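Observations on chain architecture
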Amino acid sequence: MDPYQDDGCVTFLVRHAWLSMRSALAVALDEHGLSVQQYGTLLCVREDPGLTIADVGRVVGTTRQSANELITGMERAGLIERRPNPKDRRTQQVHLTAGGAQRLAEATPAIRKLEEELEAEFSKTDRATARAWLAHMVTTIEG
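Residues numbered from 1 in each chain as written. Predicted model: local features only at pLDDT ≥ 70, side-chain atom pairs only at ≥ 80, totals over all residues. Heavy atoms only, no water.

1. Digging into the layout of surface pockets
Each pocket or cavity is described by its volume, and for the largest pocket that value is around 2,100 Å³. Around the largest pocket, the lining is made up of 39 residues, and of these W18, M21, E115, L134 and V138 lie nearest the centre. Contributions of two or more residues to the lining of the largest pocket are made by α1 (10-30), α2 (36-47), α3 (53-60), α5 (98-119) and α6 (124-142). With 12 residues, α6 is the single largest residue contributor to the lining of the largest pocket. For the lining of the largest pocket, the residue count by class is 25 nonpolar, 4 polar and 10 charged. (1 Å grid on protein atoms, 1.4 Å probe; cavity = no way out; pocket = protein on both sides within 12 Å on 5 of 7 lines; lining within 4 Å. Points joined across faces, edges and corners; volume = space filled by probe spheres on them. Helix = DSSP H or I, 4+ residues; strand = E, 2+ residues; numbered from the N terminus. Nonpolar A, V, L, I, M, F, W, Y, C, P; charged D, E, K, R; others polar.)

2. Topic: the pattern of salt bridges
Here the structure, examined in full by the defined rule, presents 8 salt bridges. E75 is the salt-bridge partner of R82, the closest N and O atoms lying 3.0 Å from each other. The closest approach of N and O atoms between E119 and R131, which form a salt bridge, is 2.9 Å. Of this pair, E119 sits in helix α5 while R131 is found in helix α6, placing the two residues 12 residues apart along the sequence. (Salt bridge = Lys/Arg side-chain N within 4 Å of Asp/Glu carboxyl O.)

3. Some points on α2
Its 12 residues place the ends of α2 17 Å apart at the C-alpha level, agreeing with the 16 Å of an ideal helix rising 1.5 Å per residue. Of all the residues in α2, the buried ones are V36, Q38, Y39, T41, L42, C44 and V45. (Expected span 1.5 Å × (residues − 1). Buried < 20%, exposed > 50% of the residue type's maximum accessible area, 1.4 Å probe, protein only.)

4. What to know about the environment of V138
Considering the arrangement of structural elements, one finds V138 in helix α6. For V138 and E106, which are 32 residues apart along the polypeptide, the C-alpha to C-alpha distance reads 27 Å.

5. Brief notes about the sheet that holds strand β1 (residues 51-52)
With antiparallel pairing, 3 strands are arranged side by side in an open sheet as β1-β3-β2. Either end of the sheet is taken by a strand with one partner, and the two such strands are β1 and β2 (80-84). Inspection of the sheet shows β2 paired to strand β3 (residues 92-96) by 5 bridges, in the antiparallel sense. Residue pairing across strands places I80 opposite L96, the latter belonging to β3. Across the sheet, α2 lies against β1, β2 and β3, angled at about 100° from β3, the strand it touches most. (Pairing = 2+ DSSP bridges. Contact = heavy atoms within 4.5 Å. Axes fitted to C-alpha atoms, helices over the stretch in contact; angles between N-to-C directions.)

6. Topic: the packing of α2 against α3
α3 packs onto α2 with a crossing angle of 120° between their chain directions and a minimal axis gap of 10 Å. The angle between α2 and α3 places the two elements in the oblique class. Both α2 and α3 take part in a crossing whose hand is right-handed. Within the contact between the two elements, α2 uses Q37, G40, T41, C44 and V45 and α3 uses V56, V59 and V60. Across the contact of α2 with α3, the residue classes break down as 5 nonpolar, 3 polar and no charged. (Parallel < 35°, antiparallel > 145°, perpendicular 65-115°, else oblique. Left-handed = near helix turned anticlockwise from the far one by under 90°.)

7. So, the nonpolar core
Of all hydrophobic cores here, the largest spans 24 residues; its most connected members are L29, L34, Y39 and L42. Broken down by secondary-structure element, the contributors of at least two residues to this core are α1, α2, α3, α4 (64-76) and α5. What Y39 contacts, discounting residues up to four positions off in sequence, is L29, L34, L104, A107, T108 and I111. (Core = buried A, V, L, I, M, F, W, Y, C linked by side-chain atoms within 4.5 Å.)

Below is the structure:
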């Protein structure tokens, strides 16, 4: 049985698609000195400045400890900075630096190009439907 047919496992298909896409993203991002997790972190911190390390871990799909190690490396590279959380002295907030914003801006066209290549055979309506379905899955599952 072909797992990609209508009666196959959608979960497996989504996972396989992500793993394939992640490999392509890694190649594109390597030219900009970023990993997939670093790029994802830059994106989420740009969209929601002041996330805590635990928040970043949830968004990029890793543990708080792994997110802390990721943030530490990105901080050393001058991509992000930690600031005290005015609402909770025990946590820190993560913010983009000018260097992080610049690196994100430089890498994003390569990601957009890859996404355009992957979506090239689909109509605008098909692309919108696929994106809406993926967004719905995320919001439904995360609650």
